[in-house]
Amino acid sequence: MTTGGTKMSAAADLIATEQRLGAHNYKPLDVVLTRGEGVYVWDADGKRYLDCLSAYSAVNQGHCHPKIREAMIEQAGRLTLTSRAFRNDQLAHLYEELAALTGSHKILPMNSGAEAVETAIKAVRKWGYEVKGVPENKAEIIVCSNNFHGRTLSIISFSTDPDARTGFGPYTPGFRTVPFGDADAFAAAINENTVATLIEPIQGEAGVIIPAPGYFTRVRELCTANNVTLILDEIQTGLGRTGKLLAEEHEGIEADVTLIGKALSGGFYPVSAVLSNSEVLGVLKPGQHGSTFGGNPLACAVARAALRVLTEEGMIENAAVMGDYFLEGLRSVRSNIVKEVRGRGLMMAVELVPEAGGARQYCYQLKDLGLLAKDTHDHTIRLAPPLVVTRSQVDWAVEQIGKVLA
Ligand SMILES: *Cc1c(COP(=O)(O)O)cnc(C)c1O
């Protein structure tokens, strides 16, 4: 077997082996990466790329951030896993630091983003029965069309994407779907059994869809008026991606339950969390929810370092400034195949006209020029570099994008 070699055939061999032995549940661009540092990744042939996906915003802090790596190595040599059967000396610190940063009063640590979503669904259902007084098994959660919240059975049960959903029934009941950005439809869907609504502040997988101003203000008001828990899925938008710690800050609202993941570990390890500023998490009693790895000391140490560098190194402010600058650059690109450029902070998308023939071919052309981006929904190129990206790197990226779309 070849590991990290520079032979031209190495990448092709690895791809062939993946195709032969792996389930084909992904269709990656054919680039085999072997090393990363900051905004850059390198393939087995030593070619360097500017990463404009950041593992779907899991590496907001940049690849292999030295301080997160140091925390991980240090903790890995001390204590990695106790399970929650015993306590560890890292969890309380993570709680304290997350609470101080976000203002949340209760926290539940998990691993993947989907697990955080599942956890929130369980908690709000129980809250609905025990606190709100919804009749047993009648709880409803309002979700939005074109949502993306993960890949588990309950989550895909309320997906509106046929690829995500078809063939995986029977589905989990208890969800009602309304159009994203439509507060009137949301108001009409609320009834006495509505326990919560689950929304992305900006729909990422749907193609970076930003709702009109005022939408979230009304959703917040309707939730408060009807005793409905507002759950914001900030797994992608949170932790600096949009130029604020949480994307809800752009809307001037506060969720009752906030879900974070991805960049919570800076890409080193799966760490997610449910943050709650209401009584919702209080309904969970011993034995009713858990995870062997959730809240383990290694995860906590990594997450603590990941949060620290995010704030101490000014990454959130940089995302705001570089996001504006990048968007301005993208808007100046002369092209007749660009339908729309949109974004907030460093969460950006270039939507192409249908006649452009799909975004994927342009992602391949960008790859050849040394820029990695991912197509989403056929005709949209999503752009989300690590939050440490510099002005000259943005200039370079815009130049490459301009060449490909010209
Ligand atoms: C990535 C993502 C998830 C799922 O996270 P996983 O770690 O892949 O399970 C959920 N919600 C949003 C908004 C995401 O972007």
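For clarity, every value in this text was computed on a predicted model and none was experimentally measured.

Trainee: Can you help me understand the overall build of the chain in this one?
Mentor: Scanning the chain from terminus to terminus reveals 14 helices and 15 strands. Its C-alpha radius of gyration of 21 Å places the chain within 12% of the 22 Å reference for a compact globule of 406 residues. By its C-alpha atoms, the chain is 60 × 55 × 45 Å across when sized along the principal axes. Residue burial in the chain is summarised as follows: out of 406 residues, 54% are buried.

Trainee: Looking at this structure, I do not really get unusual backbone geometry. What am I missing?
Mentor: Backbone phi values are negative for most residues with the exception of glycine, while trans is the configuration of most peptide bonds. Pro 170 follows Gly 169 through a cis peptide bond whose omega is 0 degrees. Of note, the phi angle at Cys 64 is positive, near 50 degrees, even though the residue is not glycine. Residue classification places Cys 64 among the partly exposed positions, given a relative accessible area of 39%.

Trainee: I keep staring at the nonpolar core and nothing clicks. Help me out?
Mentor: In a soluble, globular protein the nonpolar side chains are often hidden away together inside. By size, the foremost hydrophobic cluster in this structure holds 69 residues, and its most contacted members are Leu 98, Leu 264, Phe 326, Leu 352, Ile 381, Leu 383 and Leu 405. Here this core gets 10 residues from one element, more than from any other, and that element is helix H11 (residues 297–312). Counting contributing residues, this core receives three or more from each of domain 1 (2–64 + 314–405) and domain 2 (66–312).

Trainee: For this particular structure, what's the right way to read the packing of aromatic side chains?
Mentor: Two numbers describe a pair of aromatic rings. These are the distance of the centres and the angle of the planes. Counting across every chain of the model gives 4 aromatic pairs. Their ring planes at 70 degrees and their centres at 5.8 Å tell us that Phe 180 and Tyr 215 sit as a pair that is edge-to-face. With Phe 180 in the loop between strand E6 (175–178) and helix H8 (183–189) and Tyr 215 in helix H9 (residues 215–226), this pair connects stretches of sequence that are 35 residues apart. For the pair formed by Phe 180 and Tyr 215, the shared burial category is buried. Every member of this aromatic cluster is reached through a ring pair, and the members are Phe 180, Tyr 215 and Phe 216. Across from the ring centre of Tyr 171, 3.7 Å away, lies the NZ or CZ of Arg 165, which sits over that ring.

Trainee: I keep staring at the pattern of salt bridges and nothing clicks. Help me out?
Mentor: Here the structure, examined in full by the defined rule, presents 16 salt bridges. Across the pair Glu 205 and Arg 382 runs a salt bridge, and its minimum N-O distance is 3.0 Å. With Glu 205 in the loop between strand E7 (194–199) and H9 and Arg 382 in strand E15 (residues 380–383), this residue pair connects regions lying 177 residues apart in the sequence. Across this residue pair, the class does not change: Glu 205 and Arg 382 are buried. Connected through salt bridges with shared partners, the residues Lys 339, Glu 340, Arg 342 and Glu 351 form a single ionic network.

Trainee: Even after reading the chapter, I still don't get the layout of surface pockets, so can you show me in this structure?
Mentor: In this structure, the second largest pocket occupies an estimated 480 Å³ of space. In terms of lining residues, the second largest pocket is bounded by 20 residues, among which Arg 84, Tyr 95, Ile 107, Leu 108 and Leu 284 are the most central. Counting only elements with at least two residues in the lining of the second largest pocket, the list comes to helix H4 (91–102) and strand E4 (106–110). A per-class count over the lining of the second largest pocket returns 9 nonpolar, 8 polar and 3 charged.

Trainee: Help me understand the site of the ligand, please; the structure alone is not making it clear to me.
Mentor: Taken together, Ser 112, Gly 113, Ala 114, Phe 148, His 149, Gly 150, Glu 200, Asp 233, Ile 235, Gln 236 and Lys 262 make up all the residues around the ligand. Separating a nitrogen atom of the ligand from a backbone N or O atom of Phe 148 is a distance of 3.5 Å. For the ligand, an oxygen atom lies 2.6 Å from a polar atom in the side chain of Lys 262. For the ligand, whose free accessible area comes to 380 Å², the fraction covered by protein is 81%.

Trainee: So what exactly am I meant to see when it comes to the sheet that holds strand E9 (residues 257–260) here?
Mentor: Strand pairing within a sheet occurs via backbone hydrogen bonds; the two strands may be parallel or antiparallel. Spatial ordering of the open sheet is given by E4-E10-E9-E8-E7-E5-E6, a layout of 7 strands whose pairing is mixed. What marks the edges here is a single partner per strand, and that holds for E4 and E6. Here the average twist between neighbouring strands, direction ignored, is 20 degrees. For E9 and strand E10 (residues 272–276), the ladder comprises 4 bridges, and the chain directions are antiparallel. Bridge pairing in E10 links Val 257 to Ser 276. In the packing of helix H5 (residues 113–132) onto the sheet, contacts are made with E4, strand E5 (140–144), E6, E7, strand E8 (229–233), E9 and E10, and the angle to E7 comes to roughly 160 degrees.

Trainee: Honestly, the pairing of E9 in this entry has me stumped. Any pointers?
Mentor: Residues in a regular strand point their side chains to alternate faces of the sheet. Side chains Val 257 and Leu 259 project from E9 onto one buried face, and the interleaved Thr 258 and Ile 260 project onto a second face that is buried too. Relative to E9, E8 runs parallel, the two sharing 3 bridges. By the bridge assignment, Ile 231 is partnered in E9 with Val 257.

Trainee: Hey, could you run me through helix H12 (residues 315–331) in this one?
Mentor: An α-helical turn contains 3.6 residues, so any two residues separated by three or four positions project in the same direction. Between the first and last C-alpha of H12 there are 23 Å, a value that for 17 residues agrees with the 24 Å anticipated at 1.5 Å per step. Within H12, burial applies to Met 315, Ile 316, Ala 319, Met 322, Gly 323, Phe 326, Leu 327, Gly 329 and Leu 330. Check the buried side of H12 and you find it contacts H11, strand E11 (338–344), strand E12 (347–352), E15 and helix H14 (391–405).

Trainee: How do you make sense of the side chain of Asp 256 when you look at a structure like this?
Mentor: Following the sequence through the fold, Asp 256 ends up in the loop between helix H10 (248–251) and E9. Here the side chain of Asp 256 touches Arg 220 through a polar contact of 3.1 Å, side chain to side chain.

The rules behind each value
Residues numbered from 1 in each chain as written. Predicted model: local features only at pLDDT ≥ 70, side-chain atom pairs only at ≥ 80, totals over all residues. Heavy atoms only, no water. Helix = DSSP H or I, 4+ residues; strand = E, 2+ residues; numbered from the N terminus. Rg over C-alpha atoms; globule rule 2.2 N^0.38 Å. Buried < 20%, exposed > 50% of the residue type's maximum accessible area, 1.4 Å probe, protein only. Core = buried A, V, L, I, M, F, W, Y, C linked by side-chain atoms within 4.5 Å. Domains from an automatic or database assignment. Phe/Tyr/Trp six-rings, centres within 6.5 Å; stacked < 30°, edge-to-face > 60°. Lys NZ or Arg CZ within 6 Å of the ring centre and 35° of its normal. Salt bridge = Lys/Arg side-chain N within 4 Å of Asp/Glu carboxyl O. 1 Å grid on protein atoms, 1.4 Å probe; cavity = no way out; pocket = protein on both sides within 12 Å on 5 of 7 lines; lining within 4 Å. Points joined across faces, edges and corners; volume = space filled by probe spheres on them. Nonpolar A, V, L, I, M, F, W, Y, C, P; charged D, E, K, R; others polar. Near = heavy atom within 4 Å. Polar contact = N/O pair within 3.5 Å; in protein donor to acceptor, adjacent residues only side chain to side chain. Areas by Shrake-Rupley, 256 points an atom, 1.4 Å probe, with all protein chains shown as cover. Pairing = 2+ DSSP bridges. Axes fitted to C-alpha atoms, helices over the stretch in contact; angles between N-to-C directions. Contact = heavy atoms within 4.5 Å. Expected span 1.5 Å × (residues − 1).

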